[in-house]
Every structure is written in C-alpha cells, then in structure tokens.
2 protein chains.
Amino acid sequence: MPFERARGIWPPVATPFRSDLSIDFERYVAHCRKLLAEGAHGLAVLGTTSEANSLDLEERHELLEGLVGSGIAAEKLLPGTGAASIGDAVLLTRHATELGARGVLLLPPFYYKAVSDDGLFAFASEVIERIGDERLQVYLYNFPQMSALSWSPALVARLITAFPDTVVGLKDSSGDVAYTDRLFSEHPGFAVFPSSESLLLAALRKGAAGCISATANTHVAGIRRLYDGWRGPEAEALHEAASRVRTVVQAYPFIPAIKAILAAREGEPDWLNIRPPLERLGADASASLIGALKRMGAM
Amino acid sequence: MPFERARGIWPPVATPFRSDLSIDFERYVAHCRKLLAEGAHGLAVLGTTSEANSLDLEERHELLEGLVGSGIAAEKLLPGTGAASIGDAVLLTRHATELGARGVLLLPPFYYKAVSDDGLFAFASEVIERIGDERLQVYLYNFPQMSALSWSPALVARLITAFPDTVVGLKDSSGDVAYTDRLFSEHPGFAVFPSSESLLLAALRKGAAGCISATANTHVAGIRRLYDGWRGPEAEALHEAASRVRTVVQAYPFIPAIKAILAAREGEPDWLNIRPPLERLGADASASLIGALKRMGAM
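**Considerations on the relation of the copies chain B and chain A**
Overlaying chain B on chain A yields an RMSD of 0.0 Å, the required transformation being a rotation through 180 degrees with an accompanying axial translation of 0.0 Å. Expressed as a symmetry operation, the mapping of one chain copy onto the other fits a two-fold axis. Comparing interface residues between copies, 100% of those in chain B also lie at the interface in chain A; the contact surface is shared.

As structure tokens, then:
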C-alpha cells in the first residue's frame, strides 16, 4: 500500500557541521528528535535549508540511512533528492524510496536556464520511469529564486495526469500566492505545502496540506498549534502567534539565521558552521536577530 | 614538474548519446580523435556543451578514464569538474588530477544565488586545499548566464594571490569583453580563454591564451588557422573565415545546434540525442541551420 499523502508541519531540517565542516550526525539526530517531540509531523530533510546541495552524494545517502538506523521512522522523512542530472536524481530518489521514505522532494535540474516545460517534463518523467517503483511518491519542489526553473501550473497538471499515483504534492518556496491558489483550485487533494507559516492559515483554508518552513527548525510548536487549531475560534490568534518569529527572521539570510538561533538557544557555537559558498551570519547581525527574538519572548 | 599553462584551441567536446540516452563511448572517442587530428590543441571535455551537468558522477569518472585508456594523452584533457557541493567538486577534481589531466575547469557552486565573493573564495579555497596536489591546475569557468554566479575580477585576483601556482587561467563564457579586458590587463600570463572564435583575434592581441568555443566541435580547422596566423598579414581574413559559422549557429540554442550539425555531417541521427531537460533542435530549425551552413560552404 502506498502512503497517504503527507500532511502537517514538516520542518526542512538544518544540518549541523563540525568546525572542519563534516556533518555532526549526533547533533543532527538530536535535532530531528527534538523537532518531532515538539510537534513536527515529519521531517523534510535534505532540502535547501539543510544545505543538501552542499553535501556530496555519499553524505546524502549516509545521512538518510543514519536517521533510519537511529530509529526515526522512514515514513516520517521527506528528503530532497533533486540533482542537476537525471542519473544522480535517480540514485538519490531510488535510495530514499527503497529506504521507505514517505516521499521525495524533487527540484528541477538546476544547472541549465531557460529550459522549456517539455524539457522539464521529460526530465521528471525519465526519473520516475527509471525508478519504476509504485512506492515512489514525488513532491515537486518549486523554488525558482534558487533553482532558476519553475514547475509551472501547466507542467504540474501534465505531470499529475501522466503520473497520478506518483506526483502527489508540491512544496512551494516561491511565496507566490497566486501560484499556489491556482494549484489549490485546479488540483483538489494535491498536497501543497507553502514554505512559510505566515501563509499557512490562508493556505489551509484553500486546501493546503501543511507547511515546510525554515523557521519550523526553531519554532515548530507554535506552527503546530496553528495547524491543529486552524478550524477553531482561535485561528487568527494562533496565526499571529506562529507568524511573529518569521517576521523577524525573514530580514536575514534564512539558513545562517536559523543556524544562529540554534547556536544561541543551545549555547553551541558549532551550530554556526555552514558550508561554503554560504556564510555564517556576522556577529552584529546575529546579536540583533537574537535580541529581537528575546524581546518578543521567542528565545 | 607542473604543466605549462594551456594555450590554443580546446573544443568543449559534445557528448554523443544512444537513443536510450546512455553515452556512446565509441562515437565519443572517434569525435575526440577527429578534433585533435583537425587541429585542436586539446579537449575541454565535460563542460557545458558536453552536457556534463546532465551526467552522473560515475559517468564523469568513467568517461575521463575511458579517454585516457583509449590512448588520448591525459595532458590533452581539460575537464570540467565543477559541482554544487565541495565534496563532489573535490572528488571530480582529484580524479582528473590523478589521471594526469592538463588542468580542470571549475564552475562556481551553481545551486545557490546571490552568494558573496567571500563565500565563493571559501568554496574554491576549500576545494584546492583538500586536494593538496601540486599537479592541480585550476582554470576558473565563468558562465554567469548559466551558473548565475560569476568569478568577479576582484575574486579572480584574490584567488591568484592565494594560489599563484594553482589558479592559472579562466574560461569566459559571458562574452563580456570588458570583463576579459580587465583580466588581460591585470594578470598578464594568466591563461584566459574566451568562448567564441569571433572574439579570438581581438583577445589574442590583448594576451588571450586561445579559445574554448562550442563551434570548434564542428569547425575547428578554421579556428586553428586563425590561431596559427593571427600575427601574420592574413589575420583579418582568417578571423572572417573562422567566424562565419559562429554567426549562423549563434541564432540557435548552442548544444542542440552543434549536435544537429554533427548529425547532418556524419549522417548519424543518433548525434541528435540530448539529455533532458535540454531538447533537440526541431526539424524546421535544423533544416534552416544546415541549409544556411551549406550555402556558405561550411558543410
């Protein structure tokens, strides 16, 4: 039996590094466990916030196997498996599927620019058909600001028609509400995840499945409360409470900012380590971010 | 003894695929041999025109080993070894260096956007230092239209200062003459390769090392004649002759156009095969391209 489509709050888990930039797996597992304990429905590991494209192929395999080996249920994992080449995307996607992951988040092939929908359709079809595994569930990962390519609504419709049991959802990091609105109205039941809790309430009212937000790495409990209570009388208040942190954090580069919050909260400067070409938040920016969160009682 | 810096005409070799999209290695070696026989000084394999970022890591390793195994001297190879992650870039670069390649063409890490020069410097430094091999010679690969990131002149200067015996050249695919002019004047002896034969004569007069041009896949002999004769009285005529083909081809998407010309010339439709997300040239465009080349006697 294939999994039901994912729903709820799936933090895109930040990846901790030691000062030599190797993955600190122990800290990683602890972070994953904490997120689940605080209310995450599952973990969108190996996405952009996870610096997945700064990990090599072997690390991406090892990290996923390590999580499952450490006792975290594979069905709670929604790993990013995108790559620039069909071959590498197939390797990563097949590996995740065979491990029993809930599904995969698939980026478009992000080296080329000005690629047509036909070309992207051929890419995604080739990946899905080469894997040829009925357990495979693909969540398209739309992040044109980073990948430069987009899963357009017309292309999403083609992929759902061609692979109705496989292409089951989409994470949208574009923040383009008109884009997700179109998906909600054209594909009821398609599991769409906006990337911000500040868009979550409005999106849930239109049929969203949940959200996959960077700030869920640090403040998942409030987002979960909103998800649980959005149909109730407290919805607006829960939305306000869940969105306050995001309003502060989004003034900073997301990945370094999330790592700065985790470092400050855990008193662990190693959380600041980040792989080039990304850079850690400067000391001033970090102090100003943490100060703002403390003033609002969010640290 | 490290190699002398590369000079001359180094075609960015197109990669032939069978209809199932696997690499046709026999055709590939034949194409490489033909290019060398027709005047190429060496081969810039596994670059953008080679669809290197559509090959998986293992294929990139195998292809390079296969070329050397087939008797093509490793010092005639300048493979692209860029990747989004430090780890994969190190694997590819170390492998090429240990095989004895003349050098490597290094893309910036092409997933992230809006990355600072400091971040790119840290990325390149990390790759170079992890390899720690005095045979390593890095040619920076500047192609902002594709990688979205650029090796800025200030960053190039920092890298040359930090690694004077390792960072020895640059391929510029931006076509930005002011950019290469700045490199020529600031770094005499730095091996700069523009990506078009139509820029070659002017660039050689300013100190360019040669060129790495997609159209050298199909018309290398004329480009070689220009390179050999640019100091002589025929320079302008050789420039005109070498540049005519480019003028026609550049109206089409480069990679599919190069493959269409190779398919027509060899009467081998398999040359049209291209990996998604790229698409082959349509029949009409292909007929119009080949017709134009025939009318000018270039087919």
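Having put the structure on the table, let's press on.
**So, the interface of chain B and chain A**
The partner chain A presents 40 residues to the 40 residues of chain B that form the contact. When the buried surface of chain B facing chain A is broken down by residue, Y111, Y112 and P277 of chain B rank first, second and third, together holding 27% of it. Between chain B and chain A we count zero salt bridges in total. For the pair chain B and chain A, the number of links is 14 residue pairs in polar contact (both at pLDDT 80 or more). Only α3 (86-99), α4 (117-131) and α5 (144-147) of chain B provide two or more residues apiece to the side of chain B that touches chain A. Within the side of chain B that touches chain A, the residues separate by chemical class into 22 nonpolar, nine polar and nine charged.

**What about the environment of I223 of chain B?**
All names here are of chain B. Locating I223 in the fold gives a position in helix α9 (residues 220-229). Under the relative-accessibility criterion, I223 is labelled buried at 1%. Placed 13 residues apart in sequence, I223 and G210 show a C-alpha to C-alpha distance of 9.7 Å. Not counting the four nearest positions on each side in its chain, I223 is found in contact with I9, E197, L200, C211, T215, A216 and A242.

**Thoughts on the packing of helix α10 (residues 235-249) of chain A against helix α12 (residues 283-295) of chain A**
Residues and elements named next belong to chain A. α12 packs onto α10 with a crossing angle of 160 degrees between their chain directions and a minimal axis gap of 10 Å. Taken together, α10 and α12 sit at an angle that is classed as roughly antiparallel. Crossing of α10 against α12: the hand is right-handed. The residues of α12 that touch α10, namely those facing V245, V248 and V249, are L289, A292 and L293. The class makeup of the residues in the contact of α10 with α12 is six nonpolar, no polar and no charged.

**Here we look at the sheet that holds strand β5 (residues 191-194) of chain B**
Residue and element names in this part refer to chain B. One open sheet holds the four strands; their spatial order is β2-β3-β4-β5, and the pairing between them is parallel. Edge positions in the open sheet fall to β2 (104-106) and β5, since each of these has one partner strand only. Across this sheet, the average inter-strand angle for adjacent strands is 25 degrees, counted without regard to direction. As defined by bridge partners, strand β4 (residues 167-172) adjoins β5 across four bridges and the pair is classed as parallel. Across the sheet, the residue bridging to G169 is A191, located in β5.

**Overview of α4 of chain B**
Residue and element names in this part refer to chain B. End to end, α4 covers 21 Å across 15 residues, agreeing with the expected 21 Å (1.5 Å per residue, within 8%). Within α4, burial applies to G119, L120, F121, F123, A124, S125, E126, V127, I128 and I131. Phi turns positive one or two residues past the end of α4, at G132, with a value near 50 degrees.

**With respect to the environment of S116 of chain B**
Residue and element names in this part refer to chain B. Tracing the backbone shows S116 in the loop between β2 and α4. Using a relative accessible area of 26% as the deciding quantity, one classes S116 as partly exposed. Linking S116 and A237, residues 121 residues apart in sequence, is a C-alpha distance of 43 Å. Among the polar contacts listed, one links the side chain of S116 to the backbone nitrogen of G119, at a separation of 3.0 Å.

Procedures and definitions
- Residues numbered from 1 in each chain as written.
- Chains lettered and ligands numbered in written order.
- Predicted model: local features only at pLDDT ≥ 70, side-chain atom pairs only at ≥ 80, totals over all residues.
- Heavy atoms only, no water.
- Least-squares fit on C-alpha atoms with pLDDT ≥ 70 in both.
- Contact = heavy atoms within 4.5 Å.
- Buried area = accessible area lost by both parts, 1.4 Å probe.
- Salt bridge = Lys/Arg side-chain N within 4 Å of Asp/Glu carboxyl O.
- Polar contact = N/O pair within 3.5 Å; in protein donor to acceptor, adjacent residues only side chain to side chain.
- Helix = DSSP H or I, 4+ residues; strand = E, 2+ residues; numbered from the N terminus.
- Nonpolar A, V, L, I, M, F, W, Y, C, P; charged D, E, K, R; others polar.
- Buried < 20%, exposed > 50% of the residue type's maximum accessible area, 1.4 Å probe, protein only.
- Axes fitted to C-alpha atoms, helices over the stretch in contact; angles between N-to-C directions.
- Parallel < 35°, antiparallel > 145°, perpendicular 65-115°, else oblique.
- Left-handed = near helix turned anticlockwise from the far one by under 90°.
- Pairing = 2+ DSSP bridges.
- Expected span 1.5 Å × (residues − 1).

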